[in-house]
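Commentary on secondary and tertiary structure
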Amino acid sequence: MTGSFRVQLVNMGTRGAAFQAKLRCLHEYHVRLLSNQIPTPSGSDIANTIKYFSQTLLTVLKDVPCSPLEMIKDPSLDQSRMSSYPNLEYQNLYNALTMLLDVASSIQNGLNLFGKALLQCLGCILPFLDKDLIDNLPYLAASSISVLPPSLHQDIINYLCYYILPFTITRQSDDDQECHACQSVSAVIMLVFQYSNNPAHHCQLLESLMRLKHNVVKDLLCVIAYGTSASRASAAKLLFYYWPAFDPNLFDRKGLLCKFTNNLIPFVCQRESCPNAGNAEAVKVCYNHCISILYAVDSPPPLYLCIECANEIHRDHPDLSFGDILHPMQQVSMICENKNCRSSDKSAVSICFSSECASYNGNHPIRYCSQCHGNRHNSRRGIDHIVHRSLPPMMMMDAEMQTYMVEAVISLLREAKPLNLDFGRDSSSDSKGSAGNGTQDTLTLEDRQLLGRYGIWLLVGRCKPTADTPIEILGRLLSMLFHWFHITAYSYDGQAESTLEKLKLEHVCGWLKDVCDSHYKDFIDCLLPHPPEYSRVGGHWDTLASRTSHLKEGLQRLICLIPYEIINQQIWDTVMPHWMEAVTNDVPEKELPELKIVLSKILDPDMSPLGFDAKAMYNFVTIRFEKTTAKVQQQALHWLQNLTKLEILIPLTQLFAMFGDGVRIMKHGMQAEFHTDKIGKGSGSKIARDKELQPPRRSSISPVVEDDSGNTSAISDDEAPISRHTEFSTDAEHNLTCCILMLDILLKQMELQDIEQHSGIYTTVCDGVCRLLKCMVTAAKVGLGNHICSSKECGYCEASVMWHQLSTKLVQYLAPLDAVRPPDAPLPEIIDDEKPSRKSPPESEKESKTRDRDVSLSMAPLPIPLGPLVVPSILDDVGKIIIMAGPVPVAVPQPEPHSVGGVLVHMPHVCSIPDRGREKDISQFIHATDEVLLNVK
């Protein structure tokens, strides 16, 4: 063993022992800071210890014969690279630095010194790390910006751009895929954009990444999609600032080309003995680690030099090669920067960061038009150049980038906030975590408006719908766009409003119409109150709200789309039934008034922004009375009942037309049943019987089903959805229910519209009421059926009583107060067996018997007594029916729930008949009505 080798062994042993001792000091500092032990270590104490490691690492690196900076780019050489170093605890040092960075906020003084020493050591330790730690180093260095003071932010950016990123994200994995360090680029961008308020830092980092990595736009879209508000704003601005415009006609790019790099601090020469130290900008780089350590003792390799120092070192070491440093972009040009360009269309479509192409532009990145780009980058040349082209259409992106694109558009549109909304709540979570570093979410209303416009430009320009567009993607984009329409309708005024309106009319409406043409069903699904799960994005879907709030906000969205002719008659007739049914099912009656304003805006003829008249507005209800079943009509009547409760005026002419159509189809259905009974009892040919039994032609409209109410996300109601369960099953019973709802709605609408009472028979309203009542008697089978009560509390009998009550109220509402001529006296009830042997009793006896019958029928008097109602002319028919019936029996007073017309209550609890004897009285009353009806016919 030679003496020199023995000395080396002793030195290595001594160095290893000192290395371990200093590591124990770092661990002790960490424990004391973590547990807040007194005295806490100062930043200068920790910095001095870290500087020891930096000097030790540079000394070790100086003795390595091979070039570690070249070997580090190839992962297959990691084992050879690591074997060339002495066996020191490099990994433990890295872990100790990580732990100290976690507790750096506890350092009370000397934080600036600690930060400088830490960054220097991270640059020095890079060649000594294995694969996993190299991949983690960019994120560790970027995360220091969250705890170190703003005075060190420029140093953090410089170490990232010149000492760490060039040797980490350029590494390739074994299967030629991006390394893990490349996958952390989006996190590095977000950290810097979030914690640094200097746009020059953002530009410097992004240009360095564009020089080193392909497809940086993917990382930028990831930051926009999932980053904080501050990082999203910077990323969106830089995306439109650097990348060539994908559609020059979509927006005026001159307004976006503001100068981001006015206060950019150039990276200066790192040679210690530079004659222009601190002023000369670095233009050359030397990757020889020995030369770097020789001329810059305290700086990690490589060595960045000004032109004078590079020439001087080159004279001393002629065999050295120097690389060129790519200068920052002085100005972002919209046209081709090739001086020899001969293209007729000089619009820039790509930007090249390679040294070869940059040499034609003074070592600045150069932009090319389409023709020059093809000349410079083809199969023969420029294959290895790092070129960034304009953003491709969404459907041409890979699956991961496509996801980032969709979420980026959604996040940008979500940034729009109305003036009356306290959006500080949204940023509170971001600002709390960064309050200690002075980085709060300070986006102004103008910034948020601009972010929304960025989202619209990306949506319209790059997310054009095609036949292959997945419905999940289209649904999310549509839902968020509808939310943006809602927000921007109330957010801005003046110049901002005119800009937004121009953007909507010229671009967004056309995009929506294209979606409606190519994906009509998916477009309709996004307008429904309970859209598919993937479409529940933005606004009330992002909050915990009640069913009523969901419907209210959803209707507001619908209102904001109406002025732009996005909602046409076909879409209106398709969508509104679902909204009305959702209101009926999901909204408790006590919360129904909350929807009054929004429903009035939509359905009130005087307030509605719809471009069609009242007839077309209520067409979705009208068609449900034309040749439809009683169940369909009953559903539509519940909608009208809710609107009437909210005091929304519906033209009476439309109501008479709707109800007339509905009652006529009921009447035809009843006649078909009568013919069935008649033909079944009689005899005749089979052909005649089939002809008689032919049912009336029915519409294909079926009841609207909104069964997704219980599965709506973010529901906070304690009440379950409302159920309109009824015990009726036959058509006659459903018809009677419909007739009752019609009269109740009609009576309340007449009161809301201030129809004059006791106006007499010579009015259109009276004429419509009388015709409707006459038709209802036959259609609803009131007094005509052979009804047999199945229980003591018969719902059908109760409903019959209710119909007579409402009919009486309608007649009394319209009948004149002064009698013209008295009605005919009611005919006496004569039993067939006694007809030959008995004569009519005197008038006094008849009146006595009638009063006795009235008393036996009535358990309680009618709230509004009939008296000798005087109804002439056209009212005779209806008047006879009601007067023949005498005072209508009603229930023993019970707690009465809310009723639209003051009479209608929930069906199973309207009245109760306590004994079977009452059924006989009701039957007599029905048969009396039957005889009068036959006379009317």
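Residues numbered from 1 in each chain as written. Predicted model: local features only at pLDDT ≥ 70, side-chain atom pairs only at ≥ 80, totals over all residues. Heavy atoms only, no water.

Some words on the environment of Pro68
This is how the line gets drawn: Only DSSP runs of H or I covering at least 4 residues are called helices, and only runs of E covering at least 2 are called strands; the numbering of each starts at the N terminus. In this scheme, a residue with accessible area under 20% of its type's maximum is buried, one over 50% is exposed, and one in between is partly exposed, where area comes from a 1.4 Å probe on protein chains only.
For Pro68, the location among the structural elements is in helix 3 (residues 68-71). Pro68 sits in the buried class, given a relative accessible area of 1%. Through-space distance from the C-alpha of Pro68 to that of Asn288 is 9.0 Å; in sequence the pair is 220 residues apart.

Things to note about the pattern of salt bridges
For side chains of opposite charge, pairing can occur when their charged atoms come near one another. The condition that has to hold: We define a salt bridge as a contact between a side-chain nitrogen of Lys or Arg and a carboxyl oxygen of Asp or Glu at a distance within 4 Å.
The full count for this structure, using the stated rule, is 20 salt bridges. Put simply, Arg232 and Glu415 hold a salt bridge, and the shortest N to O gap is 2.4 Å. With Arg232 in helix 13 (residues 229-242) and Glu415 in the loop between helix 18 (399-414) and helix 19 (424-434), the pair connects residues that are 183 residues apart, well separated along the chain. For the residue pair Arg232 and Glu415, the accessibility class agrees, reading buried in each case. As a salt-bridge pair, Arg448 and Glu415 come within 2.7 Å of each other at their nearest N and O atoms. Note that Arg448 is positioned in helix 20 (residues 445-462) and Glu415 in the loop between helix 18 and helix 19, a separation of 33 residues in sequence. Each member of the pair, Arg448 together with Glu415, is buried. A network of salt bridges, in which partner residues are shared, links Asp78, Arg81 and Arg171.

A few points about helix 7 (residues 131-143)
The condition is simple: Bend is the name given here to the angle between axes fitted to two runs of seven residues, the run ending at a residue and the run starting at it. Whether two residues are in contact is decided by their heavy atoms, any of which lying within 4.5 Å being enough.
In helix 7, a bend of some 35 degrees at Leu137 exceeds every other bend along the element, and Pro138, a proline, comes one to four places later. All of the buried residues in helix 7 are Leu133, Ile134, Asp135, Leu137, Pro138, Leu140, Ala141, Ala142 and Ser143. Taken together, the buried residues of helix 7 touch helix 4 (78-83), helix 5 (90-102), helix 6 (111-125), helix 8 (153-168), helix 9 (180-183) and helix 10 (185-195).

Describing the sheet that holds strand 1 (residues 284-286)
Keep this limit in mind: At least two DSSP bridges between two strands are needed for those strands to be called paired.
Spatial ordering of the open sheet is given by 2-1-3, a layout of three strands whose pairing is antiparallel. Only two strands of the sheet have a single partner each, and these edge strands are strand 2 (303-305) and strand 3 (323-324). Across two bridges, strand 1 lies against strand 3 in antiparallel orientation. The partner of Val285 across the bridge, within strand 3, is Gly323.

As far as function goes, none of this settles anything; it's purely spatial.
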